[in-house]
Amino acid sequence: MQYTHLGRSGLRVSRLALGTMNFGDATDEATSFTIMDAAVDAGINLFDTADVYGGPQWPDMPQGYGLSEEIIGRWLAQGGGRRDKVVLATKLYQPMGLGPNDKYLSAYKIRRAAEASLRRLQTDHIDLYQMHHIDRSTPWEEIWQAMEQLVREGKITYVGSSNFAGWQIATAQSEARARHFMGLVSEQSLYNLTARTIELEVIPALRHHGIGLIPWSPLGGGLLGGVLKKIENGRRASAQMQQSIERYRPQLEAYEKLCAEIGAEPADVALAWLLNNPVLTSVITGPRTPEQLAAGQKALDVYLSDDVLKRLDEIWPGPGGEAPEAYAW
């Protein structure tokens, strides 16, 4: 396994992160335990979850909010030094109940959400506490005051964000600096070959402030995982995936052809392309099975030449560079 610093922090994390959104939903507890054991054995130390992962909490459904955290908590409770081998990351923001204060980022919600996550995870601290989305109605002095309190109490160590715009990242860091607080060390954004909008302003902001990028949906929801080849082999795609295939068919054909030319699986090429970005810290993979976890690790050994990178840009063009040069001068 390869390791790098989490943004500008001194913490070293694996270049591949274990995403656990499927735990409790598409993946049962026993299989989730097997996946986490295999991840640790492979050297993956960054485990990413969220309080909302596990499924919607409705009376007629067996899943419930917090189920992913609960599964991780029961795995950690087995002992054997598991907690010391893991950089544990979770998130807050989304609704965790029907009350008016059961969502977003008020100081009231941050305190209660952190304590609830700690109970579900069966641990005394969260290594990376991430805001799942920007809260447009809560002032930064309130958010940072609540996060600082959690740091002082030893309940969290680092703070991250997810789905923030570039200017929101800059604002957050400006407010944190005024309080002599470290602020953000990471940002989770939608980023893959088919979705490159963050190259305009988010990535430049992250580079300037020393914040590590952790992309989610690195395979574009499966589109970059060799979908045409899978269909040729008899696998059926969902109606939504079929629409995406038809939208991108010429690009997918060129992409999978290029991958075949260099002798690499499409999924590995997609991950390797992300790992080639110097701003990137880790790529989140969300395996549903141990086999998918093992397959994702092959991307670390894929070398992309300058010519291949150029051809990938031609197939999957980005926004034209960084702002404002991408559209002005």
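Caption draft 1: Broad picture of the packing of helix α1 (residues 29-41) against helix α2 (residues 67-76). At their nearest, the axes of α1 and α2 sit 10 Å apart, and the two run at 60° to each other. With respect to each other, α1 and α2 are oriented oblique. The two elements α1 and α2 cross, and the hand of that crossing is right-handed. Residues E29, S32, F33, M36, D37 and V40 of α1 form the contact with α2, whose participating residues are I71, I72, R74 and W75. When its residues are assigned to classes, the contact of α1 with α2 shows six nonpolar, one polar and three charged.

Caption draft 2: View of the pairing of strand β6 (residues 126-131). Along β6, six of the six residues are buried, which leaves the element largely enclosed by surrounding structure. Here strand β5 (residues 87-92) pairs with β6 via four bridges, running parallel. Across the sheet, residue K91 finds its bridge partner in β6, namely Q130. Once you follow β5 into helix α3 (residues 107-121) and on to β6, the crossover reads as right-handed. Across five bridges, the pairing between β6 and strand β7 (residues 156-162) is parallel.

Caption draft 3: Structural context of helix α4 (residues 140-152). With 13 residues, α4 extends 18 Å between its outermost C-alpha atoms, agreeing within 8% with the 18 Å of an ideal straight helix rising 1.5 Å per residue. Among the residues of α4, W140, I143, W144, A146, M147, E148 and L150 are the ones counted as buried. Phi turns positive, to about 75°, at G154, one or two residues after α4.

Caption draft 4: Spotlight on the sheet that holds β7. Reading across the sheet, the eight strands line up as β9-β8-β7-β6-β5-β4-β3-β10 and stay open at both edges, with parallel pairing between neighbours. What marks the edges here is a single partner per strand, and that holds for β9 (212-216) and β10 (283-285). The sheet shows a mean angle of 30° between the axes of neighbouring strands, direction not considered. Direction of pairing for strand β3 (residues 16-19) relative to β10: parallel, over a ladder of three bridges. Each residue of the ladder has a partner; that of A17, found in β10, is I284.

Caption draft 5: View of the packing of helix α8 (residues 239-262) against helix α11 (residues 306-315). Running from amino to carboxyl end, α8 crosses α11 at an angle of 165°, the nearest separation of the two axes being 10 Å. By the angle between their directions, the pair α8 and α11 is classed as roughly antiparallel. Every pair of crossing elements has a handedness; the one defined by α8 and α11 is left-handed. Here Q251, A254, Y255, L258, E261 and I262 of α8 lie close against α11, whose contacting residues are V308, R311, L312 and I315. Per-class residue counts for the contact of α8 with α11 are seven nonpolar, one polar and two charged.

Cut-offs used in this document
- Residues numbered from 1 in each chain as written.
- Predicted model: local features only at pLDDT ≥ 70, side-chain atom pairs only at ≥ 80, totals over all residues.
- Heavy atoms only, no water.
- Axes fitted to C-alpha atoms, helices over the stretch in contact; angles between N-to-C directions.
- Helix = DSSP H or I, 4+ residues; strand = E, 2+ residues; numbered from the N terminus.
- Parallel < 35°, antiparallel > 145°, perpendicular 65-115°, else oblique.
- Left-handed = near helix turned anticlockwise from the far one by under 90°.
- Contact = heavy atoms within 4.5 Å.
- Nonpolar A, V, L, I, M, F, W, Y, C, P; charged D, E, K, R; others polar.
- Buried < 20%, exposed > 50% of the residue type's maximum accessible area, 1.4 Å probe, protein only.
- Pairing = 2+ DSSP bridges.
- Right-handed = clockwise from strand over helix to strand, strands pointing away.
- Expected span 1.5 Å × (residues − 1).

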